[in-house]
Amino acid sequence: MSQRKKLLAGNWKMNKTSADAGALVREITAAAGQRTDVDIVVCPPFTALESAGKMLDGSAVRLGAQNLHPEKNGAFTGEISADMLRALFVSHVILGHSERRTLFAESDAFINLKVLAALKHQLRPIFCVGETLAEREAGATLRVVQTQVERGLVGVAKEQATEVAVAYEPVWAIGTGKVATKEQAQEVHAFIRSLLTKHFGDAVAQKIRILYGGSMKPSNAPELLAQPDIDGGLIGGASLEARSFVELVTAAAAAK
Ligand code: PGA
């Protein structure tokens, strides 16, 4: 059996006002707030972190942000620092999501600075990687993922590496309803684990969680989560309703 507890993170993207977020968190915590057999994280937009955090108080569900800026403070209009997130009791942060990479031109080097800043401030990165459809069709999947993993984790100390969760999110599967097959996902997850082993050694690599993301939903989750190197999920669409998100939590617990 895997020594890794499953981790399920909801990426709400640019959805939910502060009030809507409070209501959704209330439903999630009512159904799954005391579960400790799965690590659960919700990642609302910045403006809803405070209201969501208040509703999470007393539950085992953790609070995540969707981005941060690597600098401590200063003239970075529109940006949010790790300290600001910590002050709202945020424990996790999604970094390098493909929407940030493509729509906001984030480079591997910039994402690396964010990963290092997060770790420095005791925030746990959910560090995303994944290939586009064109890259997959060109047979470049593993090469692309290798570059993203290696460049994104430069300078991460072995001692801190287990704080990171890597999320493999094939870009062609995000929000499209097209999910990777369990074989496609497991192949890349095992490859990522081999890269982590090369970088941090086997004992550390065996502890790092590798999440799958991209149209994961209650109907396809059980077979994905049953794969030996799939340690949870980063959930977009299906995390916006308590019912489907909680069903995914149940599936993750069952797949242990
Ligand atoms: P999806 O999004 O579940 O809606 O495909 C996943 C993600 O982008 O993290």
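Before going into details, it helps to say that this report is about the structure given with it.

Rules behind the numbers
Residues numbered from 1 in each chain as written. Predicted model: local features only at pLDDT ≥ 70, side-chain atom pairs only at ≥ 80, totals over all residues. Heavy atoms only, no water. Helix = DSSP H or I, 4+ residues; strand = E, 2+ residues; numbered from the N terminus. Rg over C-alpha atoms; globule rule 2.2 N^0.38 Å. Buried < 20%, exposed > 50% of the residue type's maximum accessible area, 1.4 Å probe, protein only. Contact = heavy atoms within 4.5 Å. Areas by Shrake-Rupley, 256 points an atom, 1.4 Å probe, with all protein chains shown as cover. Lys, Arg positive; Asp, Glu negative; His and termini not counted. Charge placed at Lys NZ, Arg CZ, Asp CG, Glu CD. Near = heavy atom within 4 Å. Polar contact = N/O pair within 3.5 Å; in protein donor to acceptor, adjacent residues only side chain to side chain. Nonpolar A, V, L, I, M, F, W, Y, C, P; charged D, E, K, R; others polar. Pairing = 2+ DSSP bridges. Axes fitted to C-alpha atoms, helices over the stretch in contact; angles between N-to-C directions. Phe/Tyr/Trp six-rings, centres within 6.5 Å; stacked < 30°, edge-to-face > 60°.

1. Thoughts on the overall build of the protein
Alright, step 1. The helix and strand tally for the protein stands at eleven helices and eight strands.
Alright, step 2. Here the C-alpha radius of gyration of the protein, 17 Å, is about what a compact globule of 256 residues would show, namely 18 Å.
Alright, step 3. Along the longest, intermediate and shortest principal axes, the C-alpha atoms of the protein span 45 × 45 × 35 Å.
Alright, step 4. For the protein, buried positions account for 54% of its 256 residues.
Alright, step 5. A separation threshold of at least 6 residues defines the contact pool for the protein, and within that pool the share at least 24 residues apart is 73%.
Alright, step 6. When the accessible surface of the protein is split by element, carbon and sulfur atoms take 54% of a total near 11,300 Å².
Alright, step 7. If the 29 positive side-chain charges of the protein are averaged to one point and the 27 negative ones to another, these points end up 3 Å apart.

2. Some remarks on the site of the ligand
Alright, step 1. Around the ligand lies a shell of 13 residues, among which Lys 13, His 97, Glu 169, Gly 175 and Ser 215 are the nearest.
Alright, step 2. The contact in question runs from an oxygen atom of the ligand to an N or O atom on the side chain of Lys 13, over 2.7 Å.
Alright, step 3. Between the ligand and the protein, one listed contact pairs an oxygen atom with a backbone N or O atom of Ser 215 at 2.7 Å.
Alright, step 4. Protein coverage of the free-state accessible area of the ligand, which is 280 Å², stands at 95%.
Alright, step 5. Looking at the shell around the ligand, its residues break down into four nonpolar, seven polar and two charged.

3. Quick word on the environment of Ser 215
Alright, step 1. Locating Ser 215 in the fold gives a position in the loop between strand 7 (209–213) and helix 10 (221–225).
Alright, step 2. Relative accessible area serves as the criterion here: at 16%, Ser 215 is assigned to the buried category.
Alright, step 3. Considered as a pair, Ser 215 and Ala 238 are 23 residues apart in the sequence and their alpha carbons are 7.8 Å apart.
Alright, step 4. For Ser 215, the residues in contact, after removing those within four places along its chain, are Ala 173, Gly 175, Thr 176, Gly 177, Lys 178, Val 179 and Asn 220.
Alright, step 5. A polar atom in the side chain of Ser 215 sits 2.8 Å from the backbone nitrogen of Gly 177.

4. Examining the sheet that holds strand 6 (residues 165–168)
Alright, step 1. Spatial ordering of the closed barrel is given by 1-2-3-4-5-6-7-8, a layout of eight strands whose pairing is parallel. Neighbour to neighbour, the strand axes of the sheet diverge by 25° on average, direction disregarded.
Alright, step 2. Two strands pair when backbone bridges link them, and strand 5 (residues 124–129) and strand 6 are joined in this way by four bridges, in the parallel orientation. Residue Phe 127 lies in a different strand from strand 6, and its bridge partner there is Val 166.

5. A word on the pairing of strand 8 (residues 232–235)
Alright, step 1. Residues of strand 8 alternate between two faces, with Gly 232 and Leu 234 on one and Gly 233 and Ile 235 on the opposite face, all of them buried.
Alright, step 2. Across four bridges, strand 1 (residues 7–11) lies against strand 8 in parallel orientation. When the bridges of strand 8 are listed, Gly 10 appears paired with Ile 235.
Alright, step 3. Across two bridges, strand 7 lies against strand 8 in parallel orientation. Among the inter-strand pairings, Gly 213 is bridged to a residue of strand 8, identified as Leu 234.

6. Quick notes on the environment of Trp 12
Alright, step 1. Summarising the element assignment, Trp 12 is placed in the loop between strand 1 and helix 1 (18–32).
Alright, step 2. Apart from residues no more than four positions distant in its own chain, Trp 12 is found in contact with Ala 21, Leu 24, Val 25, Ile 28, Val 42, Cys 43, Pro 44, Pro 45, Gln 66, Ser 239 and Leu 240.

7. A closer look at the packing of aromatic side chains
Alright, step 1. Within the structure shown, the criterion is met by one aromatic pair.
Alright, step 2. Relative to Tyr 212, the ring of Tyr 168 lies with its centre 6.4 Å away and its plane at 65°, an arrangement referred to as edge-to-face. In this pair, Tyr 168 sits in strand 6 while Tyr 212 sits in strand 7, placing the two residues 44 residues apart along the sequence. With respect to class, Tyr 168 is no different from Tyr 212; both count as buried.

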